Every structure is written in structure tokens, then in C-alpha cells.
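Letter by letter, the chains look like this.
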Amino acid sequence: MAHSIRLLRYAVETAAGWHSYALDANLVALVGAVNTGKTTFFEGVSYTLGSTPKWPVAMDRYVHRVEIEVLLGGQHVRLRRNVRGRTGQVELLEPDGTLSEILPLKDADETGRTTLSQWLLEGVGLSRLLATARRGSKPVTFADLLDFMYVRQLTIDQKIAGHSVDRPSTLRQTLFELLFGMSTPELPALEAELSAVKATVRQLTQDQASISTFLNASTATNLDAIHAEITRATEAREAAERRLKVIETELTALTGAADPLRAALRQASEEAEAAHRRASSARRTLDDSEGSVDQLRKRLEKAGKPVVQCSHCSADLTRRTLPAGACPQCTETQTDLAAALATLQRHLDAARDRVVRGQARVAEAEKEAATADAHVADLQQRLDESTRQLIAPHADQLASARAAVAETITRLQGLERLVEPHRRLRTLAEELREAEERRTELTEARKDLIASYAVRRGDVMDSLNDIFVDVVEEMDLPWYAGDARIDRDTYLPIVDGQGIDRHGGGTRAALAVGYHVTLLRYLLTNRVGDLPAFLMIDSPTKNIGSNPWDSRFAQRIYSSFVDFVSARAGAGITTAPFQVLVADNDLPTSVRKHVLVHDFDHDRPLIPGLSNPHAAQQ
């Protein structure tokens, strides 16, 4: 079985401080008039467990935080959540109030932190069991599990939570089977893969049909016709290439007399390139010499100027007294400044001489390069004139042969593109065959897996139906004809051939309570199943009047579980840990002695000290 859940305490924080309610009992009842906070109490519990609240404006206005103290399996912790501000996280605290961890509701930042839902599912020992179940593409959360354990006032007289009125929920059916041992975690994973493979088969079939429709629309896309056309086009291309080669060979022979000119042109081109390289080298040498002149000139100009500011700290140096012949920068007195300046001047003069010589070399090299270029141009012109007269009569023939080759190549490329859909169709056919084989394998595996649990499924449903019949008979529903069962496909209650949504309002609420009590009695009686033995029911006697018959009916609704627990205790039958909390406007006197009761009224509501809490906020 899953680990148990037991609420020990519930608290709300207002401006006046914390207000706590003890809950450490098997049976707990919140009793009082309307609008005193009973539903808000339960919504606060589900809020700290990660649900979205459905509570009145008073909670948003006057409550700062909500907290529950809970035994979750072997863990004793406190869960606290802000009502305003940072509501997307829950504080996990030790029993003494020490902060242990902050659990986000969603892993929005993708940090890999444990979310509240993950922590709760781990706490009740259901992480592995529910790991493969999915809500669409997303994993199930603790909120999905809570639908089995919290019967809300809003839906108690409408439907079983987790199901729509007209269509059963596949997710809830999957969870039901897992929680009551009628399936295995491998089955949802297998069904998810089977669903994906079926979608793949559908898509491949559609793609195959689309391509086939296109290919069958014209004889031009017939594969045999395309291959025959490719053969003809290939032969035409080869013939065009042979003709072009013959023409080019003939033209080469015709222009053989110009070979000496071609050789002279190649040699002149090489000589021109060498001349250009020499000119480039001379320009680089000249640039270096000019750079050296510029640098030496600047040094000489700087050496003749007084140093008025320290290059390190920028201090004023004009008031210094220096020895004669001292360097104004380093103040070295052994330096002969005149000799140093003379040396710099000699270096500058030598650099200027190198610049003059370099300019002459550049001019000479550029002249040589220009002469070589002119020679190349002359030889090229002579070669063109010599060959033009020979080639001109054959130019049209050469162009026609080249165009024929290009045309056949283009034709072949077009035909190859027509072949591609046929190749894609063959690939699709192979992929479809593999997908269909996989679908068959998965279908058989699913059938075998379900068959292996068939006996177990039958035993569970037989036991649940026996209990449900007892519960319905104990309630003594009005106009009950004696047919009560839980559907073996949808796992929803059917009474007298009708779902609960087809009965009257008070009967619908009673049947919803009876259904969830049946699940709890099954867990306690059989000590099997993985649904935690925890149940919160809001307004079990909703839509039931206060006349004598309705009062007795309400008594029977409560007694269907209270008498069951009392009888087991009286017989000395130990019961697995459980907790049931109810909220109602009134509680039968005979039931109060078995229940921890918190009474609310308009002078003592859930949130103390409120005066007209629903008035417009000033």
C-alpha cells in the first residue's frame, strides 16, 4: 500500500498572527453555518498541496499564509504557502518551524529542483508507480491524485472528480487501474508508445497516399516511362559530348601554328609577374626607409626640446636645476648631449639617403613591370588575331555543340527529380511496413499484459462492487430499485442503470460520498491498493433537506462509514492508518461522539475577527 497521509494541524496567518486547528484524529468534522469558512478550510489544505484555490475574497484580503502540519508516510513536516506575493512555491519546514527546503510548484527555470508534486508523490511512495502515466505529454501530478481523495462541494452533486459528465477520463481510468493493482506501470508506457506508433502509421499512410495520387495523375510520372526517357537522354548526352570533343580537337589542330606565340606569351607573362614582384619588394623597402626617417626625425626634434613634465607622474620639471651637459630626462651627467644629437643626425641623414636610393629603385622596377605588361598585351593581341581567323568559321558549330551538351544535362537532372518521389514512396513503404509490424507487436504485448492482470482486475471489481452494494443499501436511497455497481470499464458508479449525473441533487451527492467511501473501505478491508487512505468530503449532505426523512437520510450517509469503523474496532480488527475529514452545515448527534469536531459560526469563523469580509475593499 501507499504511505498514509494524516493532517495534524491546519493554520492561517492574518495580521493578528497565526490561528491553528488541531486535526490529529481518524475522523474530523468541520461544522457550522454557511459562509463561516468550512470550504475555505479544505481549499487551504489543497492549496498547500499545490492546487489552485477556489475560495472567497476574504482569504485573499485578510490571510497572509496557509500552513498544514502533516504526517506523510514516516515524515513529520509542515508545508507553508503564501496567499499573496510569491505563491509559486511552498516552504517545507521541520516540525519546530526550521526551514528545510523551498519547493517550486513548477520547474520553470529548468534547474532540476524537486517540485512540490514530485516531493509529495515520493512522500506517499507513488513516484515509480505513476511515473509512466501521462496527462497528454506531461507527467501526472499530485493534483491528479488528489481528485481521488478530495470530494469538492462544487462537484459533489454533479460528477465524480476527474471525469466529465458525458465522457470518462482516460487518465483517471489509468490512475484507477494503477492505484488498485489492476495494471502495472509498464502498461501506460506501452500504451503511450502504441499511440505514438499508431500516429506514425496514420501519417505514413497519408504521405504515401499523397505521393501516389501525384504519381498516378499523369503518364509523365510513370516510373517505367521515366527510366526509358533517362536512357534516351543519357545516350543523347554522350553523343553530344563526343561531337563537342571532336570539334574541340579539330580546332586545336587548326590553331597549332600559333603554338610559338603561345609559348612566347607564357614566358612574357612569367617575366611580367617577376617584374611586379621586384617592384613590390622595392616599395616595401622604401616604406621601411621612410618610416625610419620619420622616427629619427621625431627623436631628433624631441631631443632638442626641454623636458617640462615627468613622463611617469606628470610633475612640473621646469624648476629643476640640472648640471651642464646632463640629460633632461634621466639627469645622467656623463652623457654628452651634443654627441648624442650628432649621432641621431647622422642616422637621419643615412636614412634619407636610403629613401632617395629606394625611390630610384621603385621607379626602375615599375618601369620594367610596365614594359613587361606591354609586351604581354602585344603578344596576346597577336595570338588573338592569329587564332580568330582560324576559329571564326567554326564558332557557331562549337557554341551549338556546347549548348547541346548543356541541354541534355538539364534534361537528365529534370528526369532525376521525377524519380525522387518514387524513391520516397519506396522509403515510405518500408517505414510503413516496419511501423505496422511494431504496432502489431505492441498490440499483442498490450493484450498479453492486460490478460495477465485479468484475474486480478476481476477480483478487485468484484470486491469493490460488493462493498458499493452494501454502502448504497445502508444509505437506503429513495426509490432505490436494488441495482448498484461500479462499471468495469469506466470505474464510475451506476445505480439502477444510471450514472450519478442522472439522479436527483441530494442522491447525486450521497452517491458521490458512497463511491469514495467504497474505495476507502476497500483499502481498509483488503489492505491492498496504492491509494492513500485519506479522504476530505465537503458537504456530504448537500441538497438534503431538514425534514425528518431527510435528517434520517443524512444520518445514514454518515453511518455508512462511521458504523463500519466502529464495528471493526469493536471486533478488535486492526485498521490500516486512515483519516477522513468532512465539512457540513450540521452533524447528526449520534455521529459527534466518534468525531473530532470544530464548530464554526459567524462569530467564530475560520478567519477570526472579520467584519463583513465580502464588502468592497476601501
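Note that the coordinates shown come from a computational prediction; the quantities given were computed from them, not determined experimentally.

Okay, the overall build of the chain next. Each helix and strand in the chain was counted, giving 14 helices and 16 strands. Counting every position in the chain, which comprises 618 residues, the buried fraction comes to 41%. Taking the contacts inside the chain whose residues are at least 6 apart along the sequence as the reference set, 70% of them involve residues at least 24 apart. Approximately 33,100 Å² of the chain is accessible, and the part contributed by carbon and sulfur atoms is 51%.

The next point concerns the sheet that holds strand E14 (residues 534-538). Across the sheet, 5 strands lie side by side as E10-E14-E15-E3-E16; this open sheet has parallel pairing. The sheet terminates laterally at strand E10 (150-151) and strand E16 (596-600), the two strands that pair on one side only. Pairing geometry for strand E3 (residues 27-32) and E16, over 5 bridges, is parallel. Considered in E16, the bridge of Leu30 is made with His598. Relative to the sheet, helix H12 (residues 505-526) contacts E10, E14 and strand E15 (579-584), its axis offset from that of E14 by approximately 170°.

A separate point is the pairing of strand E1 (residues 5-14). The buried fraction of E1 amounts to 10 of the 10 residues, a majority that puts the element mostly inside the structure. Looking at chain direction, E1 and strand E4 (residues 65-72) are connected through 8 bridges and run antiparallel. Within E4, the position partnered with Tyr10 by the bridge is Ile68. For E1 and strand E2 (residues 17-22), the ladder comprises 6 bridges, and the chain directions are antiparallel. Looking across to E2, one finds that Ala11 is bridged to Ser20. Between E1 and E2, which pair antiparallel one after the other, the connecting turn spans 2 residues.

Here we take up the side chain of Asp538. You can see Asp538 is positioned in strand E14. Put simply, Asp538 is tucked away with no salt bridge, and the nearest opposite charge, on Lys38, sits 6.7 Å away. Among the polar contacts listed, one links the side chain of Asp538 to the side chain of Thr39, at a separation of 2.6 Å. A distance of 3.2 Å separates polar atoms of two side chains, one belonging to Asp538 and the other to Ser539. Contacts of Asp538, omitting those with residues within four sequence positions, involve Thr39, Phe42, Val151, Arg152, Gln153, Ile156 and Ala583.

Moving on: the sheet that holds strand E12 (residues 493-495). Taken in spatial order, the 3 strands make up an open sheet running E11-E12-E13, and their pairing is antiparallel. One side of each edge strand has no neighbouring strand; the edge strands of this open sheet are strand E11 (484-486) and strand E13 (498-499). Bridging between E11 and E12 involves 3 bridges; their strand directions are antiparallel. Following the sheet pairing, Ala484 is matched in E12 by Val495. Where helix H11 (residues 454-475) meets the sheet, it contacts E11 and E12, and its direction lies at approximately 145° from that of E11.

In this section: the nonpolar core. Within the largest apolar cluster, 110 residues are counted, with the highest numbers of intra-cluster contacts made by Tyr10, Phe41, Leu179 and Phe561. Ranked by residues supplied to this core, first place goes to H12 with 12 residues. Once residues within four sequence positions are removed from consideration, Leu179 is found in contact with Leu126, Leu129, Leu130, Leu145, Phe148, Gly529, Asp530 and Leu531. Listed in part, the 12 residues of the second largest apolar core include Val197, Leu204, Ile211 and Leu442.

Secondary-structure assignment places Ser289 in helix H8 (residues 259-303). Aside from chain neighbours lying at most four places away, what touches Ser289 is Arg354 and Val355.

Turning our attention to the pairing of E15. Burial analysis of E15 places 6 of its 6 residues in the buried class, the great majority of the element. Where burial is concerned, the two faces of E15 agree: the one with Gln579, Leu581 and Ala583 and the one with Val580, Val582 and Asp584 are both buried. Pairing of E3 with E15 involves 5 bridges; the strand directions are parallel. When the bridges of E15 are listed, Leu27 appears paired with Val580. In this structure, E14 lies alongside E15, joined through 5 bridges in parallel fashion. Across the sheet, Phe534 pairs through a bridge with Gln579, a residue of E15.

This brings us to helix H1 (residues 38-48). Within H1, 10 of the 11 residues are buried, which leaves it mostly tucked inside the rest of the structure. Along H1, the residues classified as buried are Lys38, Thr40, Phe41, Phe42, Glu43, Gly44, Val45, Ser46, Tyr47 and Thr48. At the exit of H1 stands Gly50, carrying a positive phi of roughly 105°.

What follows is about the environment of Arg502. Tracing the chain through its elements places Arg502 in the loop between E13 and H12. Exposure remark for Arg502: the relative accessible area of 60% places this residue in the exposed category. Linking Arg502 and Lys159, residues 343 residues apart in sequence, is a C-alpha distance of 9.9 Å.

In the contact formed by H11 and H12, the axes pass within 9 Å of each other and the chain directions differ by 130°. What the angle tells us is that H11 and H12 run oblique. Note on packing geometry: the crossing formed by H11 with H12 is right-handed. Contacts between H11 and H12 pair Arg456, Val460, Ser463, Leu464, Ile467, Phe468, Asp470, Val471, Val472, Glu474 and Met475 from the former with Ala510, Leu511, Val513, Gly514, Tyr515, Val517, Thr518, Leu519, Arg521, Tyr522 and Asn526 from the latter. Split into classes, the residues belonging to the contact of H11 with H12 amount to 14 nonpolar, 4 polar and 4 charged.

The next point concerns the environment of Thr234. With respect to the secondary-structure elements, Thr234 resides in helix H7 (residues 223-254). Spatially, the C-alpha atom of Thr234 lies 9.2 Å from that of Arg411, the residues being 177 residues apart in sequence.

Moving on, we get to the packing of aromatic side chains. Across all of its chains, the model carries 13 aromatic pairs by this definition. Here Tyr21 and Phe41 contribute two aromatic rings whose centre-to-centre distance is 5.8 Å and whose plane-to-plane angle is 70°, an arrangement assigned as edge-to-face. A residue pair is termed long-range when its members are at least 10 positions apart, and Tyr21 in strand E2 and Phe41 in helix H1 qualify at 20 residues. When the centroid spacing of 4.7 Å and the interplanar angle of 25° are considered together, the rings of Phe176 and Phe180 count as stacked. Just as Phe176 is buried, Phe180 falls in that class too.

Applying the stated rule across the entire model yields 26 salt bridges. Of the charged contacts in the structure, one is a salt bridge between Glu69 and Arg9, with a shortest N-O distance of 2.9 Å. Separated by 60 residues along the polypeptide, Glu69 in strand E4 and Arg9 in strand E1 bring together distant segments of the chain. The pair Glu69 / Arg9 is uniform in exposure class, with both members buried. Of the charged contacts, one joins Glu191 and Arg446 as a salt bridge, the two residues approaching to 2.9 Å between their closest N and O atoms. One end of the pair, Glu191, is in helix H6 (residues 186-216); the other, Arg446, is in helix H10 (residues 395-452), with 255 residues separating them in the sequence.

What counts and what doesn't
Residues numbered from 1 in each chain as written. Predicted model: local features only at pLDDT ≥ 70, side-chain atom pairs only at ≥ 80, totals over all residues. Heavy atoms only, no water. Helix = DSSP H or I, 4+ residues; strand = E, 2+ residues; numbered from the N terminus. Buried < 20%, exposed > 50% of the residue type's maximum accessible area, 1.4 Å probe, protein only. Contact = heavy atoms within 4.5 Å. Areas by Shrake-Rupley, 256 points an atom, 1.4 Å probe, with all protein chains shown as cover. Pairing = 2+ DSSP bridges. Axes fitted to C-alpha atoms, helices over the stretch in contact; angles between N-to-C directions. Lys, Arg positive; Asp, Glu negative; His and termini not counted. Salt bridge = Lys/Arg side-chain N within 4 Å of Asp/Glu carboxyl O. Polar contact = N/O pair within 3.5 Å; in protein donor to acceptor, adjacent residues only side chain to side chain. Core = buried A, V, L, I, M, F, W, Y, C linked by side-chain atoms within 4.5 Å. Parallel < 35°, antiparallel > 145°, perpendicular 65-115°, else oblique. Left-handed = near helix turned anticlockwise from the far one by under 90°. Nonpolar A, V, L, I, M, F, W, Y, C, P; charged D, E, K, R; others polar. Phe/Tyr/Trp six-rings, centres within 6.5 Å; stacked < 30°, edge-to-face > 60°.

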